[in-house]
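Each chain is listed here by its residues.
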Amino acid sequence: MQTVTVNASKQYDVLIGSGVRSLLPGKILSLFGKPRVCFVSDDNVAALHLASLEDSLKQAGLDVSNFVFPHGEASKNPVVLFDLLEHLAQNRFSRKDVLVALGGGVTGDLTGLAAALYMRGMHLVQMPTSLLAMVDSSVGGKTAVDLKAGKNLAGVFNQPELVLCDTDYLSTLPPEDFADGMAEVIKYGVIADDALFDLVKSGNVTDQLEPIITRCVTIKRDVVEADEFDTGRRALLNFGHTLAHAIEAESNYAVSHGKAVAIGMCRIVEIAEKNRLCDAPCSAKIKEALTNNGLPTDTAFSNAALFDAVTKDKKCADGSLTLILPHRIGTCYAQSFPIADVRGLLS
Ligand SMILES: NC(=O)c1ccc[n+]([C@@H]2O[C@H](COP(=O)([O-])OP(=O)(O)OC[C@H]3O[C@@H](n4cnc5c(N)ncnc54)[C@H](O)[C@@H]3O)[C@@H](O)[C@H]2O)c1
């Protein structure tokens, strides 16, 4: 088991390894006393993993209940969020109680926001079950739901108090969803760690999951500690994401977040290379790594068509847009462009 400690506005441990779910009852008792616990999970994950985890908490004498919602990005919305808040209120949860997000990034983002809102804040534990949630969304405290106008438009920063990444959960994750997580792993390699990129570029990763997840969480921890509230360096984690959010929105969320990130990284690197914004060519290497990991490298949406969606993104609010561009594999930089110039770059 590996432990990564995050020192942000809250200090918390991220425990990574096979079987770490068994630590949940003891950790809840030691961190929070004897609270009531509400698990939040989507229907896929609940059917596979919720009952055994609930039993382990009941055996420890804890009062346990759950809120289960339909899987998928379409559930990351204000209606499901307020259903969850009403569920907590109707069942008389208090600020001293704990929400446990058991699931992928959709579950984590929704639960993290609910934990911040309910009675102005209750305890939060993240138990990521998708690779994407393990390497990215469960750590760092960004929470949100989507609005009709775009992704993640209603949210807050809310750090969890514990993250348990049990790598055994990945054995039930469908290959398509596993590939989505690999898009974020490859992102970390491109922005911060050429050795990580080399480790995963062949697509043979199954016997290296604990070190890969640990490395990604450590990179994210370092960035979050330097810029928790996303006013500078944290933007580097958005490599590929500006176009990704546009692709997700334009496809009406038929394209998953991970696949949209894969395509977004390819598009932005192509644009960077054409405009001599990279020090060394890296587009071909990134495409090969993505393909080897079962990810797409292009979409039918043209750059021009994505421009409108990009300008709706919250990141354009002040008339400029910060793009994350690689110098080469393993190091990247942020550069701000006026929106009109972005139109030029994209065309
Ligand atoms: N907060 C952040 O910092 C941050 C960072 C990156 C992404 N995100 C968000 O994360 C979301 C994407 O996360 P995701 O890819 O995990 O999506 P997801 O939560 O929808 O999970 C993907 C699918 O995998 C299933 N699943 C999850 N774990 C499983 C398991 N162990 N076994 C079987 N099935 C399992 C889910 O039911 C779902 O169908 C997006 O909404 C994105 O915006 C947030």
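With mixed pairing, seven strands are arranged side by side in an open sheet as β1-β2-β9-β6-β5-β3-β4. Of all the strands in the sheet, just β1 (2-7) and β4 (63-69) have a single pairing partner and so form its edges. Taken over all neighbouring pairs, the strand axes of this sheet differ in orientation by 20° on average, direction set aside. Across the sheet, helix α1 (residues 24-32) lies against β2 (11-17), β3 (36-42), β5 (98-103), β6 (123-128) and β9 (162-166), angled at about 160° from β6, the strand it touches most. Across the face of the sheet, helix α8 (residues 209-226) comes into contact with β1, β2 and β9 while running at roughly 10° to β1.

Assigned domains within the chain: domain 1 (2-172) and domain 2 (175-346). A straight line from the C-alpha centre of domain 1 to that of domain 2 covers 26 Å. Carbon and sulfur atoms supply 65% of the area buried between domain 1 and domain 2, which totals about 2,700 Å² over both sides. Among the residues domain 1 hides against domain 2, the three largest losses belong to Leu 131, Val 135 and Lys 151. Together they make up 23% of the total.

What follows covers helix α11 (residues 283-292). Among all positions of α11, only Ser 283, Ile 286, Ala 289 and Leu 290 are buried. Considered in projection along α11, the buried side chains sweep an arc of 135° and stay on one side of the axis. Residues of α11 that are exposed and point over 90 degrees away from its buried face: Ala 284 and Glu 288. Where α11 is buried, its residues meet α6 (175-192), α7 (194-200) and α10 (257-274).

This part covers the site of the ligand. What surrounds the ligand is a group of 28 residues, the closest being Asp 42, Glu 73, Ser 130, Lys 151 and Thr 172. The contact in question runs from an oxygen atom of the ligand to an N or O atom on the backbone of Val 106, over 3.0 Å. Relative to its unbound accessible area of 860 Å², the ligand is 92% covered by the protein chains. If you list the elements that add at least two residues to the shell around the ligand, you get α2 (43-59), α4 (105-117), α5 (131-137), β8 (150-157) and α6. Lining the shell around the ligand are residues from two domains, each supplying at least three of them: domain 1 (2-172) and domain 2 (175-346).

Right, let's talk about the packing of aromatic side chains for a bit. Taken as a whole, this structure holds one aromatic pair when the rule is applied. Taking 5.2 Å as the distance between ring centres and 85° as the angle between the ring planes, the aromatic pair formed by Phe 157 and Phe 229 counts as edge-to-face. With a gap of 72 residues between them, Phe 157 in strand β8 and Phe 229 in the loop between α8 and α9 (241-250) connect regions that are remote in the sequence. Exposure remark for Phe 157: the relative accessible area of 36% places this residue in the partly exposed category. Owing to a relative accessible area of 46%, Phe 229 belongs among the partly exposed residues under this scheme. We note Arg 21 situated over the ring of Tyr 169; from NZ or CZ to the ring centre the distance is 4.1 Å. Sitting over the ring of Tyr 188, Lys 187 keeps its end group 4.7 Å from the ring centre.

Within the structure shown, the criterion is met by 19 salt bridges. Across the pair Lys 76 and Glu 73 runs a salt bridge whose closest N-O atoms are separated by 3.9 Å. With respect to burial, Lys 76 and Glu 73 carry one shared label: buried. Here Lys 151 and Glu 73 are joined by a salt bridge, their closest N and O atoms 2.9 Å apart. Of this pair, Lys 151 sits in strand β8 while Glu 73 sits in the loop between β4 and α3 (78-90), and the two are 78 residues apart along the sequence. Several salt bridges converge on common partners, so that one network encompasses Glu 73, Lys 76, Asp 109, Asp 146, Lys 151 and Glu 248.

Rules behind the numbers
- Residues numbered from 1 in each chain as written.
- Predicted model: local features only at pLDDT ≥ 70, side-chain atom pairs only at ≥ 80, totals over all residues.
- Heavy atoms only, no water.
- Pairing = 2+ DSSP bridges.
- Helix = DSSP H or I, 4+ residues; strand = E, 2+ residues; numbered from the N terminus.
- Axes fitted to C-alpha atoms, helices over the stretch in contact; angles between N-to-C directions.
- Contact = heavy atoms within 4.5 Å.
- Domains from an automatic or database assignment.
- Buried area = accessible area lost by both parts, 1.4 Å probe.
- Buried < 20%, exposed > 50% of the residue type's maximum accessible area, 1.4 Å probe, protein only.
- Arc of directions from axis to C-beta.
- Near = heavy atom within 4 Å.
- Polar contact = N/O pair within 3.5 Å; in protein donor to acceptor, adjacent residues only side chain to side chain.
- Areas by Shrake-Rupley, 256 points an atom, 1.4 Å probe, with all protein chains shown as cover.
- Phe/Tyr/Trp six-rings, centres within 6.5 Å; stacked < 30°, edge-to-face > 60°.
- Lys NZ or Arg CZ within 6 Å of the ring centre and 35° of its normal.
- Salt bridge = Lys/Arg side-chain N within 4 Å of Asp/Glu carboxyl O.

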